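Here is what each chain is made of, one letter per residue.
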Amino acid sequence: MAPLTSADGHEALACDIVNGSSGVNPETQKQGWAVDKSTTLYHVGGWGAPYFFINRAGNMAVRPHGFNSTFADEIDIMEVLEKLQEAGEIGLPLIIRFPEILKDRLDDLQTAFQSAIFRKGYRGKFQGVFPVKCNPDRYVVEDIIRFGGDVAFGLEAGSKPELLMAMTYMCKGSADALLICNGYKDAEYVQLALIARQLGMNAIIVLEQEEELQIVLKMSQYLRMQPVIGVRGKLSTKHSGHWGETSGDKGKFGLSATEILSIVRSLKNVGMLNALRLLHFHIGSQIPSLSIVDEGVTEAAHIYCELSKIGASMRYFDIGGGLGIDYDGSNSSASAMSVCYTVEEYAEQVVRAVDNACALKKVKSPTICCESGRGLVSHHSVLVFDAFSVSKLPCGKEHSAGEDMKVLLQYQGLPHDLMVLSEELARFLKIGNVEGALACAKQLKVECTDSFKLGLISLEVRAIADQLYASVSSLMSEELKKASLPSLTKKFGLGISDVDQIATYHINLSIFKSVPDSWAIGQIFPIVPIHRLDEEPVMRGILSDLTCDSDGKISSFVAGDVLGKPSSFLPLHKLEADRPYFLGMFLGGAYQEVLGSMHNLFGATHVVHVVGKSGGSFQISRHLSGQSVSNVLYAMQHDPLSMLTDLHSRILDSLQEGRFGDISEAMLALHMLQRSFSSYTYLSHDHDCHSGF
Ligand SMILES: *Cc1c(COP(=O)(O)O)cnc(C)c1O
């Protein structure tokens with residue numbers, strides 16, 4: 001069934017039709033702001049559809065079955081948080097997983113290929129595998145095997161631990177499902193893959209390097225097993241995006257044409273050419289356009305056909321991963337954070353290219369295998385965190401520029417050049433030239449700081465100069481508010497940041513743990529407040545995390561007027577006393593959790609699973625605690641138990657030496673220490689932290 005409302009800002013329209021009213025729903029309006037303005041501002045319709053949208057209450061909400069969701073299926077993320085809070089289980093940051101979204105993505109991929117195969121009259125079938133490196137979480141892998149049972153969905157591994165994990169979960173999978181063994185291999189890896197075949201799994205060893213063949217031949221002889229082998233081709237096709245470096249002639253992975261032919265000869269020599277059944281390639285993650293898919297698949301399909309003609313028992317054509325995600329919602333190949341095709345179009349392109357090559361070379365159509373990771377798991381998880389404070393914006397309200405000016409001009413012993421600058425500033429202010437005043441105030445601030453460092457002026461003068469700059473900046477922002485922004489920026493040649501109007505919101509999160517790609521490769525994820533979206537976000541903010549690291553911030557966002565161009569600030573609401581402010585990061589289900597590091601010893605976050613209940617509403621089906629302080633200390637080889645013992649004896653010494661008033665104070669300190677070892681590594685908003693005893 002088609003959804004009642006689309007996620008792209010037509011919410012209000014659909015409500016009107018349902019309500020039979022003609023105006024805007026008053027509930028969706030606060031001071032002239034409507035929910036659909038937020039939808040447009042944060043581009044939710046672009047990156048969120050069909051799973052995420054802003055509901056009439058002004059909260060981020062989820063359609064867990066995508067386009068197949070009904071009105072009753074919709075889940076309000078704030079309601080999830082409220083439910084957790086009622087149960088006393090809310091601890092932020094928190095990952096909310098929606099397994100139903102995962103299922104919908106898997107079904108979508110499967111259906112897209114099956115339909116393309118049907119439309120084209122293609123004579124092979126489709127079989128997907130999930131590359132576990134993308135999200136090796138136990139429940140994600142388990143769910144994929146469960147959801148893909150009917151369609152023989154398999155797994156891809158690239159290391160020994162991944163292979164052992166994949167083998168274990170495939171015990172519950174379909175016997176036809178593929179177990180693709182990629183990555184660099186030693187004898188032990190090859191043994192594991194051969195054992196998987198002995199256990200009745202369809203394990204295929206994909207040779208990444210020529211030398212691996214000798215290991216495979218030796219181990220197969222040793223275990224008296226006939227292996228099934230694939231080769232990873234190195235294509236000349238590469239894409240220009242960040243993730244394109246893995247492909248192309250100089251790419252890190254794969255075998256050249258010469259190396260593939262050499263492997264074929266070696267296999268022929270030992271009478272095992274029939275073991276070679278699969279060709280694998282991987283153009284790179286986040287392939288930006290279909291033309292690159294076409295080029296890569298066509299090139300690989302010809303290699304496949306040649307191998308078949310040489311006499312290998314070719315059967316599987318493995319197109320690797322690379323299905324892209326539209327992170328910024330711009331649906332364009334021009335933006336590195338977007339792609340301009342759908343899953344359906346991707347599948348169509350792949351099937352067409354394989355079909356054409358096979359028809360041309362008169363080779364039997366292979367089973368098409370796809371290793372999409374990002375495309376499968378990005379959507380199903382939402383990271384929720386809170387902003388707990390905001391840095392003060394320079395504010396000229398308490399002092400007027402005029403008062404500060406007077407103090408400065410009357411100041412005895414101001415160096416001559418600073419006096420000249422001050423007088424110039426006073427003149428600009430007098431004639432109301434804010435533009436000139438701002439430039440002057442900025443220079444004055446810089447020069448006062450320099451003079452201060454040389455010991456020429458007092459701290460008091462320096463503070464006045466800072467304050468003057470702040471006052472003039474706020475005068476300027478008043479001007480900016482009055483005029484439309486583009487005309488002013490043109491007139492003054494100013495960027496918003498020049499007037500210091502961007503506030504820093506402090507977030508209860510470690511970017512290194514939860515959004516590592518934002519720091520490492522400048523990737524942009526959509527971040528949106530998950531409530532108050534029926535209110536105008538009057539602030540411009542960047543986000544700064546808990547770590548003591550200058551890189552622990554996010555200053556590029558999906559928001560603003562221009563689609564496909566990152567914004568240097570995020571529109572945000574004013575923080576209100578006694579009311580938490582929740583933000584959500586979306587589309588981060590791939591790679592972020594596993595790439596995250598423990599910088600400053602912030603650990604893994606809590607995770608909950610949320611699924612719909614029949615007849616509407618939802619339930620929290622799983623609640624997994626994040627790492628405690630003890631856990632992260634342990635991971636760095638510390639022994640929390642002996643740490644506590646050491647601290648305990650130090651408490652006893654201190655008690656004897658009289659540093660505690662009495663024994664109950666010492667006991668209190670001990671309790672607090674104990675408690676901290678078992679607590680969450682992030683900020684707790686429980687101010688009464690010694691309650692409970
Ligand atoms: C990483 C990887 C994938 C997954 O790529 P996505 O872009 O996440 O789809 C698939 N195959 C191989 C060999 C990989 O290295």
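What counts, and at which threshold
- Residues numbered from 1 in each chain as written.
- Predicted model: local features only at pLDDT ≥ 70, side-chain atom pairs only at ≥ 80, totals over all residues.
- Heavy atoms only, no water.
- Helix = DSSP H or I, 4+ residues; strand = E, 2+ residues; numbered from the N terminus.
- Expected span 1.5 Å × (residues − 1).
- Axes fitted to C-alpha atoms, helices over the stretch in contact; angles between N-to-C directions.
- Parallel < 35°, antiparallel > 145°, perpendicular 65-115°, else oblique.
- Left-handed = near helix turned anticlockwise from the far one by under 90°.
- Contact = heavy atoms within 4.5 Å.
- Nonpolar A, V, L, I, M, F, W, Y, C, P; charged D, E, K, R; others polar.
- Phe/Tyr/Trp six-rings, centres within 6.5 Å; stacked < 30°, edge-to-face > 60°.
- Buried < 20%, exposed > 50% of the residue type's maximum accessible area, 1.4 Å probe, protein only.
- Pairing = 2+ DSSP bridges.
- Salt bridge = Lys/Arg side-chain N within 4 Å of Asp/Glu carboxyl O.
- Right-handed = clockwise from strand over helix to strand, strands pointing away.

## So, helix H5 (residues 99-120)
Under the 1.5 Å per step criterion, the end-to-end length of H5 is 32 Å for 22 residues, consistent within 8% with the ideal 32 Å. Gly121, located one to two residues past H5, shows a positive phi value of around 70°.

## Points about the packing of helix H8 (residues 187-198) against helix H9 (residues 212-223)
The contact between H8 and H9 brings their axes to 9 Å, and the two run at 50°. The angle between the axes of H8 and H9 places the two elements in the oblique class. Crossing geometry of H8 relative to H9 is assigned as right-handed. Along the contact surface, H8 presents Ala187, Val190, Gln191, Leu194 and Gln198, while H9 presents Ile215, Val216, Met219, Ser220 and Leu223. Looking at the contact of H8 with H9 residue by residue, the class counts come to seven nonpolar, three polar and no charged.

## Notes on the packing of aromatic side chains
Per the stated rule, a full pass over the model turns up 14 aromatic pairs. When the centroid spacing of 4.9 Å and the interplanar angle of 65° are considered together, the rings of Phe52 and Phe586 count as edge-to-face. Here Phe586 lies in the loop between strand S21 (581-585) and helix H21 (592-595) and Phe52 lies in strand S3 (residues 52-54), a separation of 534 residues in the sequence. Taking the relative accessible area as the measure of exposure, Phe586 reaches 0% and is therefore buried. Between the aromatic rings of Tyr304 and Phe317, the centroid separation amounts to 5.9 Å while the plane-to-plane angle is 90°, which identifies the pairing as edge-to-face.

## Digging into the sheet that holds strand S8 (residues 154-157)
Pairing within the closed barrel is parallel, and its eight strands lie in the order S7-S8-S9-S10-S11-S12-S13-S14. Strand-to-strand twist in this sheet, taken as the mean axis angle between neighbours without regard to direction, amounts to 25°. In the sheet, strand S13 (residues 316-318) pairs with strand S14 (residues 367-370) via three bridges, with the strands oriented parallel. Across the sheet, residue Asp318 finds its bridge partner in S14, namely Cys369. Where helix H7 (residues 160-170) meets the sheet, its contacts fall on S8 and strand S9 (178-181), and the angle it forms with S8 comes to roughly 170°. Relative to the sheet, H8 contacts S8, S9 and strand S10 (202-207), its axis offset from that of S10 by approximately 150°.

## Side note on the environment of His43
Among the structural elements, His43 can be located in the loop between helix H2 (35-41) and helix H3 (44-48). Along the sequence, His43 and Val558 sit 515 residues apart, while their C-alpha atoms lie 7.0 Å from each other. Setting aside residues up to four positions removed in sequence, His43 forms contacts with Asp328, Val558, Ala559, Gly560, Val562 and Leu563.

## Examining the pattern of salt bridges
Going through the model one piece at a time under the given rule, you end up with 16 salt bridges. A salt bridge links Arg63 to Glu74; its shortest N-O distance comes to 3.1 Å. With a gap of 11 residues between them, Arg63 in the loop between strand S4 (60-62) and strand S5 (75-76) and Glu74 in the loop between S4 and S5 connect regions that are remote in the sequence. A residue is classified by how much of its surface remains accessible, and Arg63, at 2% relative accessible area, is buried. Its salt-bridge partner being Asp107, residue Lys103 comes within 2.9 Å of it at the nearest N-O pair. Highlighted residues: Lys103 and Asp107, both in helix H5, separated by four residues, approximately one helical turn. Residue Asp107 is classed as partly exposed on the basis of its relative accessible area of 29%. What you see here is one network of salt bridges that share partners, running through Arg532, Glu535, Glu576 and Arg579.

## Brief notes about the sheet that holds S4
If you walk across this open sheet you meet the three strands as S3-S4-S5, and the pairing is antiparallel. In this open sheet, the two edge strands, each paired with only one partner strand, are S3 and S5. Pairing of S4 with S5, which is carried by two bridges, proceeds in the antiparallel orientation. Paired with Val62 across the bridge in S5 is Ile75.

## Side note on the pairing of S8
Judged by which residues are buried, S8 turns out to be covered on both faces: Gly154 and Glu156 on one side and Leu155 and Ala157 on the other are all buried. Two elements, strand S7 (residues 126-131) and S8, share three bridges in a ladder whose sense is parallel. Note that in S8 the partner of Pro131 across the bridge is Glu156. The β-α-β motif built from S7, the intervening helix H6 (residues 138-147) and the parallel element S8 has right-handed crossover chirality. Sheet topology note: the S8/S9 ladder contains three bridges and is parallel. Bridging from a neighbouring strand, Ala157 pairs with Cys181 of S9. Read from S8 through H7 to S9, the crossover connection turns out right-handed.

So far we have only geometry, and geometry alone does not tell us how the molecule works.
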